[in-house]
Amino acid sequence: MRRLIAILLVVTAPAFAEDKPKPNTLTPKEIADGWILLFDGETTFGWKTEGDTKVERGLLIAGGEKETVLRSNTHFGDLSVRIDFKIGEDTGSMLLMSIGKQQSTLDAKKAKEFSAMITRDGQVEIRVKAGMKARFQTISCVLPEKDSPFPTDTVSLFNGKDLTGWKLYDAARAKAADPKMKETAVKSQYTVTKEGWLNVKNGPGDLQTEGQWADFVVQLECISNGKHLNSGLFFRAIPDLYQQGYEAQIRNEWVGDDRTKPVDFGTGAIYRRQAARKVVSTDGEWFTMTVAAHGKHFATWVNGCQVVDWTDDRKESDNARQGFKKGKGALSIQGHDATTDLSFRNIRIQSLDK
């Protein structure tokens, strides 16, 4: 995974090359590079809309008598955005870039039909002028590469050699941090494989980052080395305490043949808060998971498909298990139980903390 997040909008048109992804999908390479979709081809999930919008035959159609505005619910940091559009019989593309969280604007067709921008707060915004209609198809995004010529605060959290930057849960540290917290007997083994992957076996267990973040976009690749295994990525977790934070669930299981019916909330869910809309990932196959946190808003993607768009409206608390936690916290990888056997790689984060 060379990138963390960029945004892609594609419109169906015969002029597009045959090697382009199918409507509202990403190629395996784009998924591996960290692209995520912002339009699922079926709904306006993940967007706030004002004016006339509808989804028809895989296209997002925007425009009417009044100006139409679409704004992503998710806030990003540095990113690039590609928008392929169709107005009437004309097709075209535009590229937006936001570097150092500065506003970037690029108008299509001299702003006669619509304009798009990345706001200073990191949201993607599209405006279709009154009396005009524009058709969009695929929306996705990726952060600048680590070696990008542009400045970026996207950093790797795992070096593929050892556990530098991470610490194992320790009962003594936990008792010192909170004497009232019940101690947990950990059994997980966290090791670095010969391939340079971070593997967790057995459980329970908790491996935390030394760094802490409140608002961020994090992305990783994961593979479940067994059937319906359970793990998760905790975030805004209380340092040194056992799994006291929000959890982006990892469990590739669904009811019958229906992936829209996840078991135990499903991979990408905010565990116990919002289930995944569908289980995209499959056991025995590497998948990417992206988690974006900004204030009370949280969003997740699996293999580039958005599965959660959730706002935490609970009463504020210092512990995300008990209410909305807005402050910084650690990330942690969960060892769930005796069957746990999962591997992780390409763990990267872009801080959105001011």
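So, here's what we can say about the structure. (Residues numbered from 1 in each chain as written. Predicted model: local features only at pLDDT ≥ 70, side-chain atom pairs only at ≥ 80, totals over all residues. Heavy atoms only, no water.)

### Some words on the environment of Asp33
Counted only if it meets this: Going along the chain from the N terminus, every DSSP run of H or I of four or more residues is numbered as a helix, and every run of E of two or more is numbered as a strand. Under this definition, polar contacts are N or O atom pairs within 3.5 Å; protein pairs additionally need one hydrogen-donor-capable and one acceptor-capable atom, and for neighbouring residues in sequence, both atoms have to be side-chain atoms.
Relative to the elements of secondary structure, Asp33 occurs in helix H1 (residues 28-33). For the pair Asp33 and Val142, spaced 109 residues apart in sequence, the C-alpha to C-alpha distance is 7.9 Å. Within the local environment of Asp33, its side chain forms a polar contact with the side chain of Lys29, the two groups lying 2.7 Å apart.

### Comments concerning the sheet that holds strand E27 (residues 330-335)
Each strand in a sheet pairs with another by means of backbone hydrogen bonds, the pair being arranged parallel or else antiparallel. Convention followed: Should DSSP find at least two bridges between two strands, the strands are regarded as paired. Fitting a line to C-alpha atoms yields each axis, with helices limited to the stretch in contact; the angle taken between N-to-C directions then spans 0 to 180 degrees.
Taken together, 5 strands build an open sheet; the order of strands is E15-E18-E27-E20-E21 and the sheet is antiparallel. Two strands lie at the open edges of the sheet, namely strand E15 (166-168) and strand E21 (246-250), each paired on one side alone. Neighbour to neighbour, the strand axes of the sheet diverge by 25° on average, direction disregarded. Where strand E18 (residues 205-209) meets E27, 4 bridges bridge the pair, whose relative direction is antiparallel. When the sheet's bridge partners are listed, Gln208 is paired in E27 with Ser332.

### A look at the pattern of salt bridges
Heads up, the condition is: Counted as salt bridges are all cases of a side-chain nitrogen of Lys or Arg within 4 Å of a carboxyl oxygen of Asp or Glu. Classification of residues uses two cut-offs on accessible area relative to the type maximum, computed with a 1.4 Å probe and protein chains only: under 20% is buried, over 50% is exposed, and between them is partly exposed.
Using the criterion set out here, one finds 14 salt bridges in the structure. For Glu125, the salt bridge identified is with Arg127, shortest N-O distance 2.9 Å. Classification of Arg127 as partly exposed rests on a relative accessible area of 29%. When salt bridges with common partners are traced through the structure, they connect Glu67, Arg71, Glu125 and Arg127 into a single cluster.

### A short note on the pairing of strand E19 (residues 216-224)
For E19, the buried fraction is high: 9 of the 9 residues fall into the buried class. Burial of E19 is two-sided: the residues Phe216, Val218, Leu220, Cys222 and Ser224 facing one way and the residues Val217, Gln219, Glu221 and Ile223 facing the other way are all buried. The sheet contact formed by E19 and strand E24 (residues 287-294) spans 7 bridges and is antiparallel. Its bridge partner being in E24, Glu221 is matched across the sheet by Thr288. Pairing analysis gives 8 bridges linking E19 to strand E28 (residues 341-351), with the strands arranged antiparallel.

### Concerning the side chain of Gln219
Tracing the backbone through its elements, the reader meets Gln219 in strand E19. Judged by relative accessible area, Gln219 falls into the buried class, the value being 0%. A polar side-chain atom of Gln219 sits 2.6 Å from a polar atom in the side chain of Thr290.

### As for the nonpolar core
Soluble globular proteins tend to pack their nonpolar side chains together in the buried interior. The cut-off we apply is this: Nonpolar core, defined: a set of buried Ala, Val, Leu, Ile, Met, Phe, Trp, Tyr and Cys residues in which side-chain atoms within 4.5 Å join the residues together. Residue contacts are counted whenever heavy atoms from the two residues lie within 4.5 Å of one another.
By size, the foremost hydrophobic cluster in this structure holds 38 residues, and its most contacted members are Phe235 and Phe344. In this structure, Phe235 is in contact with Phe216, Gly245, Tyr246, Glu247, Ala248, Ile270, Val291, Ala293, Phe298, Ala330 and Leu331, ignoring residues within four places of it in sequence. Among the nonpolar cores identified, the runner-up in size contains 31 residues, and Ala62, Ile83, Val124 and Val217 belong to it.

### Let's talk about the packing of aromatic side chains
Operational definition: When two rings of Phe, Tyr or Trp (its six-membered ring) have centres within 6.5 Å they constitute a pair, described as stacked for plane angles under 30 degrees, edge-to-face for angles over 60, and tilted for the intermediate range.
What the rule picks out here adds up to 11 aromatic pairs. Their ring planes at 75° and their centres at 5.3 Å tell us that Tyr169 and Tyr242 sit as a pair that is edge-to-face. Separated by 73 residues along the polypeptide, Tyr169 in the loop between E15 and helix H2 (171-177) and Tyr242 in the loop between strand E20 (231-237) and E21 bring together distant segments of the chain. Residue classification places Tyr242 among the buried positions, given a relative accessible area of 13%. Geometrically, the ring pair formed by Tyr246 and Phe298 is tilted, given 4.7 Å between the ring centres and 45° between the ring planes. With a gap of 52 residues between them, Tyr246 in strand E21 and Phe298 in strand E25 (residues 297-302) connect regions that are remote in the sequence. Here Tyr246 matches Phe298 in class, with each residue buried. Among the aromatic residues, those joined into a cluster by ring pairs are Phe216, Phe235, Tyr246, Phe298 and Trp310.

### What about unusual backbone geometry?
Cis geometry marks the peptide bond from Gly203 to Pro204, where omega comes out at 10°. Inspection of the secondary structure assignment puts Pro204 in the loop between strand E17 (198-201) and E18. Not every positive phi belongs to a glycine, and His228 is a case in point at roughly 60°. Turning to its location among the elements, His228 is positioned in the loop between E19 and E20. You will see that Arg272, though not glycine, has its phi angle at about 65°, which is positive. Tracing the backbone shows Arg272 in the loop between strand E23 (258-262) and E24.

### A few points about the environment of Ala172
Mapped onto the elements, Ala172 comes out in helix H2. The class of Ala172 is exposed, set by a relative accessible area of 55%.

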